[in-house]
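The primary structure of each chain is shown beneath.
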Amino acid sequence: MISKDHIIKRFVSYVTIDTESDPNSNTTPSTKKQWDLAHKLVEELKSIGMQDVSIDNNAYIMATLPSNVAHDVPTIGFISHFDTSPDFTGANVNPQIIENYDGNDIMLNKEKGLVLSPNYFEDLLLYKGQTLITTDGTTLLGADDKAGICEIVSAMEYLIQHPEIKHGKIRVGFTPDEEIGRGAHKFDVEKFGAHWAYTMDGSQIGELEYENFNAASAKITVKGKIVHPGYAKGKMVNSMHIATEFINSLPRMETPEHTEGYQGFFHLHDMHGNVEETTLQYIIRDHDKEHFEARKDMMQKLTEELNSQYGREVIFTEIKDQYYNMREKIEPVMHIVDIAEEAMKQLDIKPLIKAIRGGTDGSQLSYMGLPCPNIFAGGHNFHGRYEYVPVESMISATQVICKIAEIVAKK
């Protein structure tokens, strides 16, 4: 039996280390503080008995659990990322442990009046009677994806301590900078040497995913002209007004707060401006490749139309693809999804097979030759102050890892 206290202690030791990544940095990892947890993980992997533990110059960590069976078994991998999102601060995380959750409001921060309520976050009611780990309302928690790391390390430790559970060779990998779309960029697939892998980076218990968004980023730069406002008629060009035209010309209901399931969106996530220049940062998402391309075309055509309207180039649009839907690479090897589904069923966990409204390292790794479906890590409300994770879900994810290893060895 996997110890609840042991899981809690390990998880808390991870989330109290600040590992926020930085999209404006050109280094790997993008922040020096990611090294703090990376070095801790290397030592921990060695201490539990993992072999071939390595960390490269970009903080990518790999380790091996050797096979304990005589026959040939495919090498499988489990991967998680140790950075946290720059969307909300990850400094000075102060986790709260809620034992035997009663289904009522949880006061995160009395001084600030911050409440985690099932009236707003109804998924909380799935976990009545369980142990929840929450924030104190001033930071994110970091269950995305330190819960995944905790589960992988705990599963490897359990398999080492229980050699009666038969398994083939298992590789584990921990990456930096996943939250800024660069987690797989310098991942050495050949060195990792697995036939396939699983990212432990999903949300609620039971999630099993092999579809994700096609993704691109868009930077819109709007140029204006500053003139003294008292003498500006016919001369001033206010870049902020033009930027507002651009924003309002995109489909208003095709934004994250109005979409779900397979529906794509345009998401304006950052905006800085003055009269002289305004920049808009968008992300573009869609599961369907044709719709994805159409969204990018829409932005380019809107740019051309507004430039034509103003009689000169006032808007400059730069669009960069980030990752693609891994379904194309997973469907030819669907047995790797079937194995994960079987593992959950054997543990009496109901599989929730659905498309990810986001991306994982696995989406990029699948296109790099390492098919990589995604499995739940247990957390909810990622990237903000209302993030929480049920400890029982982390224990279940740890058991799923062990069960997958056992099934692969038998098959």
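Provided above is the structure to which this section pertains.
Quick caveat: nothing in here was measured; it's all calculated off a predicted structure.

Trainee: Even after reading the chapter, I still don't get helix α1 (residues 4–15), so can you show me in this structure?
Mentor: Note: α-helices contain 3.6 residues per turn, so residues at a spacing of three or four share the same orientation. An ideal rise of 1.5 Å per residue puts 16 Å on 12 residues; α1 measures up with 17 Å between its terminal C-alpha atoms. For α1, every residue scored as buried is listed here: I7, I8, R10, F11, Y14 and V15. Lining the buried residues of α1 we find α2 (34–48), β4 (96–98), β7 (132–134), α3 (143–161), β17 (388–390) and α10 (391–410). The N-capping residue of α1, defined by a side-chain oxygen 3.4 Å from the backbone nitrogen of D5, is S3.

Trainee: Whenever I open this one, the pairing of strand β11 (residues 214–223) confuses me. Can you help?
Mentor: Remark: a regular strand shows side chains that alternate across the two faces of the sheet. For β11, the buried fraction is high: 7 of the 10 residues fall into the buried class. The pairing of β11 with strand β13 (residues 277–286) spans 10 bridges and is classified as antiparallel. Bridge assignment links N214 to a residue of β13, and that residue is D286.

Trainee: Which parts of the structure should I look at to understand the nonpolar core?
Mentor: Burial of nonpolar side chains together is a common tendency in soluble globular proteins. Counting residues in each nonpolar core, the largest one holds 71 residues, and the members touching the most others are F11, F78, M156, I375 and I404. No other element matches α10, which puts 11 residues into this core. I220, F246, F292 and L302 belong to the second-largest nonpolar core, a separate cluster that totals 19 residues.

Trainee: Any chance you could explain the pattern of salt bridges here in plain terms?
Mentor: Pairs may arise between side chains of opposite charge once their charged atoms sit close together. The full count for this structure, using the stated rule, is 18 salt bridges. Across the salt bridge formed by D18 and K33, the nearest N and O atoms sit 2.8 Å from each other. Taken together, the residues D18 in the loop between α1 and α2 and K33 in the loop between α1 and α2 connect sequence positions 15 residues apart. For K33, a relative accessible area of 29% puts it in the partly exposed group.

Quick notes on the rules
Residues numbered from 1 in each chain as written. Predicted model: local features only at pLDDT ≥ 70, side-chain atom pairs only at ≥ 80, totals over all residues. Heavy atoms only, no water. Helix = DSSP H or I, 4+ residues; strand = E, 2+ residues; numbered from the N terminus. Expected span 1.5 Å × (residues − 1). Buried < 20%, exposed > 50% of the residue type's maximum accessible area, 1.4 Å probe, protein only. Contact = heavy atoms within 4.5 Å. Polar contact = N/O pair within 3.5 Å; in protein donor to acceptor, adjacent residues only side chain to side chain. Pairing = 2+ DSSP bridges. Core = buried A, V, L, I, M, F, W, Y, C linked by side-chain atoms within 4.5 Å. Salt bridge = Lys/Arg side-chain N within 4 Å of Asp/Glu carboxyl O.

Remember, this is a structural readout, not a statement about activity or role.
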